[in-house]
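# Overview (structure and organization)
Read off the chains here:
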Amino acid sequence: MRDKVHMRLRIRLVIYFVISIIVLGISIFHIVNEHASIGLSVVGLLAGVIIGILASRILKITWDAGASQVVSRFDTIGITILVAYIIFEVNRERIVGQFVSDTSVVSVSFAVLAGLMYGRVLGIRGKIRKIFKEEGVV
């Protein structure tokens, strides 16, 4: 199956997954060392996953019959979502700070970021599986 997904898309998925694991580790570190709220961090993680799945719309994933591979590219709606996503990322701590205490801002912010990255992995993988089913590659 791996040979049916373009190398650039596979690398992107691995990077998102690795970043999500590292950032989740940072969030857990802050929860343990700063006694931040576990519940708020879990909610942040889940919210991040949902937003990440929605943000996976940034990429238009299609089947390239000539190459017999799944490929990706940006589309107009995806670029709009990317701009909104960047604005959210730049202001993430301020946005999170509106809802949680100062001691939990860092851990919840990192949990949201981990969720965003993992949600993107889930969203992109879901699109790839859907294309495989449509093309009879499964």
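Please refer to the structure higher up on the page.
All values derive from a computational prediction rather than experimental measurement. Every residue gets a number counted from 1 within its own chain, in the order that chain's sequence is written. Confidence filtering applies because this is a predicted model: local features only for residues at pLDDT of at least 70, side-chain atom pairs given and counted only at 80 or more, and all residues used for totals across whole chains, interfaces and linings. Processing note: side-chain calculations cover all non-hydrogen atoms of the structure and skip hydrogens and water entirely.

### Some words on helix α5 (residues 105–135)
Strands are runs of DSSP state E lasting at least 2 residues, helices are runs of H or I lasting at least 4, and numbering of each runs from the N terminus. One fewer than the residue count of a helix, multiplied by 1.5 Å, yields its expected span. Over its 31 residues, α5 extends 45 Å from the first C-alpha to the last, a length consistent with the 45 Å expected when each residue adds 1.5 Å. At the C-terminal side of α5, Gly-136 shows a positive phi close to 70°.

### So, the layout of surface pockets
Only protein atoms enter the 1 Å grid, on which a cavity is a set of points fitting a 1.4 Å probe that cannot get out and a pocket is an open set with protein on both sides within 12 Å along at least 5 of 7 lines, lining residues being those with an atom within 4 Å of a point. Grid points are joined across faces, edges and corners, and a volume is the space filled by probe spheres set on the points. The calculated volume of the second largest pocket comes to roughly 200 Å³. Considering the residues around the second largest pocket, the lining is formed by Leu-40, Val-43, Gly-44, Ala-47, Ile-51, Phe-88, Ile-95, Val-96, Phe-99, Val-100, Val-108 and Val-112. Contributions of two or more residues to the lining of the second largest pocket are made by α2 (38–55), α4 (92–97) and α5. Each residue gets one of three labels, nonpolar for Ala, Val, Leu, Ile, Met, Phe, Trp, Tyr, Cys and Pro, charged for Asp, Glu, Lys and Arg, and polar for the others, Gly among them. For the lining of the second largest pocket, the per-class residue count stands at 11 nonpolar, 1 polar and no charged.

### A short note on unusual backbone geometry
Phi at His-35 is positive, roughly 55°, even though this residue is not glycine. Along the chain, the position of His-35 falls in the loop between α1 (7–34) and α2.

### Details of the environment of Met-7
One can find Met-7 in helix α1. Remark: exposure states derive from per-residue accessible area (1.4 Å probe, protein chains only) relative to the maximum for the residue type, with buried under 20%, exposed over 50%, and partly exposed in between. Residue class for Met-7 comes out partly exposed when judged on its relative accessible area of 46%. For the pair Met-7 and Gln-69, spaced 62 residues apart in sequence, the C-alpha to C-alpha distance is 9.5 Å.

### Thoughts on the packing of α2 against α5
Here the axes come from fitting lines to C-alpha atoms, over the contacting stretch only for helices, and the angles between their N-to-C directions go from 0 to 180 degrees. Viewed as axis vectors pointing N to C, α2 and α5 meet at an angle of 35°, and their least axial separation amounts to 6 Å. Considering the relative orientation of α2 and α5, their crossing is right-handed. Taken together, the residues of α5 that come into contact with α2 (itself represented by Leu-40, Ser-41, Gly-44, Leu-45, Gly-48, Val-49, Ile-51, Gly-52, Ile-53 and Ala-55) are Ser-107, Val-108, Ala-111, Val-112, Ala-114, Gly-115, Leu-116, Tyr-118, Gly-119, Arg-120, Leu-122 and Gly-123. For any pair of crossing helices, the crossing counts as left-handed if the nearer helix is rotated counterclockwise from the farther one by less than a right angle, and right-handed if it is rotated clockwise. Two residues qualify as a contact provided that any one of their heavy atoms is within 4.5 Å of a heavy atom in the partner residue.

### Focus: a nonpolar patch on the surface
A cluster of nonpolar side chains, namely Val-14, Phe-17, Val-18, Ile-21, Ile-22, Ile-26, Ile-53, Tyr-118 and Leu-122, defines an oily patch on the protein surface of about 730 Å² accessible area. If one sorts the elements of the nonpolar patch by residue count, α1 sits on top with 6 residues. Summarising the element assignment, Ile-22 is placed in helix α1. Within the patch definition used here, like charges are joined within 9 Å and nonpolar side chains (Val, Leu, Ile, Met, Phe, Trp, Tyr) within 5 Å, considering only residues with over 30% relative accessible area and no salt bridge. Each accessible area value is a Shrake-Rupley result obtained with a 1.4 Å probe; residue values ignore everything except the protein chains displayed when judging cover. Every case where a carboxyl oxygen of Asp or Glu lies within 4 Å of a side-chain nitrogen of Lys or Arg is listed as a salt bridge.

### Re the nonpolar core
Soluble globular proteins tend to pack their nonpolar side chains together in the buried interior. Among buried residues, those of type Ala, Val, Leu, Ile, Met, Phe, Trp, Tyr and Cys that are joined through side-chain atoms within 4.5 Å constitute a nonpolar core. Membership of the largest hydrophobic core comes to 26 residues, with the highest contact counts inside it found for Leu-9, Ile-61, Val-70, Ile-124 and Ile-128. Only α1, β1 (59–64), α3 (76–90) and α5 provide two or more residues apiece to this core. With 12 residues, α5 is the largest single contributor of residues to this core. Residues contacting Ile-124, with those up to four places away along its chain left out, are Leu-9, Leu-13, Tyr-16, Ser-56, Leu-59 and Ile-61.

### A look at the side chain of Arg-120
Within the secondary structure, Arg-120 sits in helix α5. When sequence neighbours within four positions are dropped, the list of residues in contact with Arg-120 reads Tyr-16, Gly-52, Ile-53, Ala-55, Ser-56, Ile-58 and Tyr-85.

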